[in-house]
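Listed here are the chains, written in short residue letters.
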Amino acid sequence: MVAGLRYFTDRSDDGAAGAPLLDTVNGEELMHVQPAVSIVLGNHPPESPGTLYISTKQVIWLSDTERTKGYAVDFLSVSLHAVSRDPEAFTSPCIYTQIDTGDEDDDDESSDSESNEILDLSKITEMRLVPSDPNQLDALFDVFCECAELNPEPVEEDEPEEHNWIFSADQLGPAMGIIDGVDQEWDSSQTHFTTIGHPNGDHDLARNVLELQINDQRFEDAEEMESNNRNGDQQ
């Protein structure tokens, strides 16, 4: 996908002007055709009427008089679309769109400073589509909405964490060596502990947990021996 507005000249040989060639191989379909539509790009004057083609992926406007003149924008670059009937906003009722050019430095001043003589599509952030019949606006708006829903903004996946919080008993081997004089042959069945994950292959946490539980086991054994000794003395 190319961000922002772009020139479009891929037409078929059918008819005087020629319909746009769509990416049918990847499932693009034509949704609506609206003749007699003028296009206004930014602060530039309106183009002579042409034909508006709305597909499942993009909005295409083709001139009826100049075969080499045409513009297109992907729905993923259309950040806003609305029906405008306010004469103070624009002289004619139209479909108003805002276009994401992919340039984070773009602002409102860039549109205001555009020259009416030089057309730089990379700076166009607003587009108006003016049908000769204003009664078609609502129908055009509905098609815009339908196609916009077919092109939701891609969701950025979070970067995978580098931590490995799950490991097997085999991976705990280095952590289950001799700890404070306790041999690796320690009967794990006598030491009930829960395996806790560790980040980046660091076994310190597992060692500390195992060491604590072994010490707890020793403490319990010492208490039991002391209790038995006391009972023996009392007898």
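Residues numbered from 1 in each chain as written. Predicted model: local features only at pLDDT ≥ 70, side-chain atom pairs only at ≥ 80, totals over all residues. Heavy atoms only, no water.

Caption draft 1: How the structure looks around the overall build of the protein. A count of helices and strands for the protein gives three helices and eight strands. Ordering the α and β elements of the protein from the N terminus gives β-β-β-β-β-β-β-α-β-α-α. When the 235 residues of the protein are sorted by exposure, 34% land in the buried category. When contacts within the protein are restricted to residue pairs at least 6 apart in sequence, those whose partners lie at least 24 apart make up 62%. Accessible surface computed for the protein: about 15,000 Å², of which carbon and sulfur atoms make up 47%. (Helix = DSSP H or I, 4+ residues; strand = E, 2+ residues; numbered from the N terminus. Buried < 20%, exposed > 50% of the residue type's maximum accessible area, 1.4 Å probe, protein only. Contact = heavy atoms within 4.5 Å. Areas by Shrake-Rupley, 256 points an atom, 1.4 Å probe, with all protein chains shown as cover.)

Caption draft 2: Expanded view of the sheet that holds strand 3 (residues 50-55). Across the sheet, which stays open at both edges, the eight strands sit in the order 1-5-4-3-2-8-7-6 with antiparallel pairing between neighbours. Of all the strands in the sheet, the pair left with one neighbour each is strand 1 (6-7) and strand 6 (78-84). Bridge count between strand 2 (residues 30-41) and strand 3: five bridges; the pairing is antiparallel. Counterpart to Val33 in the pairing with strand 3 is Tyr53. Along the sheet, helix 2 (residues 137-149) contacts strand 2, strand 3, strand 4 (58-63), strand 6, strand 7 (94-99) and strand 8 (126-131); its crossing angle with strand 6, the most-contacted strand, is approximately 160°. (Pairing = 2+ DSSP bridges. Axes fitted to C-alpha atoms, helices over the stretch in contact; angles between N-to-C directions.)

Caption draft 3: Highlighting the pairing of strand 2. Bridging between strand 2 and strand 8 involves five bridges; their strand directions are antiparallel. Across the sheet, the residue bridging to Ser38 is Val130, located in strand 8.

Caption draft 4: Here's a closer look at the pattern of salt bridges. On inspection of all chains with the given rule, the structure shows five salt bridges. Note that Asp74 and Arg6 form a salt bridge whose closest N and O atoms lie 3.6 Å from each other. One end of the pair, Asp74, is in strand 5 (residues 70-74); the other, Arg6, is in strand 1, with 68 residues separating them in the sequence. Judged by relative accessible area, Asp74 falls into the buried class, the value being 12%. (Salt bridge = Lys/Arg side-chain N within 4 Å of Asp/Glu carboxyl O.)

Caption draft 5: Here's a closer look at unusual backbone geometry. At Ala36, a residue that is not glycine, the phi angle is positive and equals roughly 55°. Secondary-structure assignment places Ala36 in strand 2.

Caption draft 6: Summary view of the packing of aromatic side chains. A full pass over the atoms with the stated rule returns three aromatic pairs. Each ring, one from Tyr7 and one from Tyr71, has its centre 5.8 Å from the other, and the planes form 40°; the classification is tilted. Taken together, the residues span a long stretch of sequence, with Tyr7 in strand 1 and Tyr71 in strand 5 at a distance of 64 residues. (Phe/Tyr/Trp six-rings, centres within 6.5 Å; stacked < 30°, edge-to-face > 60°.)

Caption draft 7: Region of the structure containing the confidence of the model for the protein. Across the protein, the average pLDDT comes to 77, with 59% of residues at or above 70. Note that residues 186-203 has pLDDT below 50 and, in this model, 32 contacts with residues that lie over four places away or in other chains. (pLDDT = per-residue confidence, 0-100.)

Caption draft 8: The arrangement of the pairing of strand 4 in detail. The buried fraction of strand 4 is high, at six of six residues. Residues of strand 4 alternate between two faces, with Gln58, Ile60 and Leu62 on one and Val59, Trp61 and Ser63 on the opposite face, all of them buried. In sequence, strand 3 turns back onto strand 4 through a hairpin of two residues. Counting the residues in the hairpin turn of strand 4 and strand 5 gives six residues.

Caption draft 9: Summary view of helix 2. Taking 1.5 Å of rise per residue, the 13 residues of helix 2 would be expected to cover 18 Å, and the 18 Å separating its terminal C-alpha atoms lies within 8% of that figure. Looking only at helix 2, the buried set comprises Leu137, Leu140, Val143, Phe144 and Cys147. End-on view of helix 2: buried residues confined to an arc of 125°, all on one side of the axis. At its buried positions, helix 2 is contacted by strand 2, strand 3, strand 4, strand 6, strand 7 and strand 8. (Expected span 1.5 Å × (residues − 1). Arc of directions from axis to C-beta.)

Caption draft 10: Here's a closer look at the nonpolar core. Among the nonpolar cores identified, the biggest contains 23 residues, and Leu5, Leu41, Leu52, Ile54, Met127 and Leu129 are the most heavily contacted of them. Taken together, the elements giving at least two residues each to this core come down to strand 2, strand 3, strand 4, strand 5, strand 7, strand 8 and helix 2. The greatest single-element share of this core, amounting to five residues, is contributed by helix 2. With residues near it in sequence (within four places) discarded, Leu52 still touches His32, Val33, Gln34, Val37, Val59, Ile60, Trp61, Leu129 and Leu140. Grouped together as the second largest cluster of nonpolar side chains are five residues, Phe8, Tyr53, Leu62 and Ala72 included. (Core = buried A, V, L, I, M, F, W, Y, C linked by side-chain atoms within 4.5 Å.)

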